[in-house]
Amino acid sequence: MGLEGIGRLLVGAALVLLVIGVLFLLLGRFGLDRLPGDIVVRRGNFTLYFPIGLMILLSILGTIILNLLLRR
């Protein structure tokens, strides 16, 4: 893989990260940042947020999108 291939790979990765970032911004704007099933633990000065519900939702959406795009 030459420099041109590495450049294309980096541009593709940047586009994927851009789409994921915009998706997270939109999910937060629509109130989907805290779904049922999310775990929040607050102990004094420490907060742990584990978004299980959001991870399941994103997994389902990603599976549907990839199945539509990679279908033969």
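Everything below is about the structure printed above this text.
So, here's what we can say about the structure. Remember, it's a predicted structure, so these values are computed and weren't measured experimentally.

1. Things to note about the overall build of the protein chain
When helices and strands are tallied, the protein chain shows two helices and two strands. Along the chain direction, N to C, the helices and strands of the protein chain fall in the order α-β-β-α. Over its C-alpha atoms the protein chain spans a radius of gyration of 17 Å, topping by over 25% the 11 Å that the globule rule assigns to 72 residues. Dimensions along the principal axes, computed over C-alpha positions, put the protein chain at roughly 50 × 30 × 20 Å. Counting every position in the protein chain, which comprises 72 residues, the buried fraction comes to 8%. Expressed as a percentage of contacts within the protein chain between residues at least 6 apart in sequence, the contacts between residues at least 24 apart total 18%. When the accessible surface of the protein chain is totalled, it reaches about 6,400 Å², and 72% of it is carbon and sulfur.

2. Considerations on a nonpolar patch on the surface
A grouping of Val11, Leu15, Leu18, Val22, Leu26 and Phe30 is seen on the molecular surface, where their side chains present a nonpolar patch of about 600 Å² in accessible area. For Val22, the position within the fold is in helix H1 (residues 3-29). Of the residues examined, Val22 reaches a relative accessible area of 41% and is grouped as partly exposed.

3. A short note on the pairing of strand E2 (residues 46-50)
With five bridges connecting them, strand E1 (residues 39-43) and E2 associate as antiparallel partners. By the bridge assignment, Arg43 is partnered in E2 with Phe46.

4. Here's the deal with the side chain of Asp38
By the element assignment, Asp38 lies in the loop between H1 and E1. By relative accessible area, Asp38 is classed as buried at 16%. Polar contacts involving the side chain of Asp38 include one to the side chain of Tyr49, which spans 2.9 Å. A distance of 2.9 Å separates the side chain of Asp38 from the backbone nitrogen of Gly53, its partner in a polar contact.

Each value, and the rule that gives it
- Residues numbered from 1 in each chain as written.
- Predicted model: local features only at pLDDT ≥ 70, side-chain atom pairs only at ≥ 80, totals over all residues.
- Heavy atoms only, no water.
- Helix = DSSP H or I, 4+ residues; strand = E, 2+ residues; numbered from the N terminus.
- Rg over C-alpha atoms; globule rule 2.2 N^0.38 Å.
- Buried < 20%, exposed > 50% of the residue type's maximum accessible area, 1.4 Å probe, protein only.
- Contact = heavy atoms within 4.5 Å.
- Areas by Shrake-Rupley, 256 points an atom, 1.4 Å probe, with all protein chains shown as cover.
- Patch = residues over 30% accessible without salt bridge, like charges linked within 9 Å, V, L, I, M, F, W, Y side chains within 5 Å.
- Salt bridge = Lys/Arg side-chain N within 4 Å of Asp/Glu carboxyl O.
- Pairing = 2+ DSSP bridges.
- Polar contact = N/O pair within 3.5 Å; in protein donor to acceptor, adjacent residues only side chain to side chain.

Purely spatial values, then, with no claim about function.
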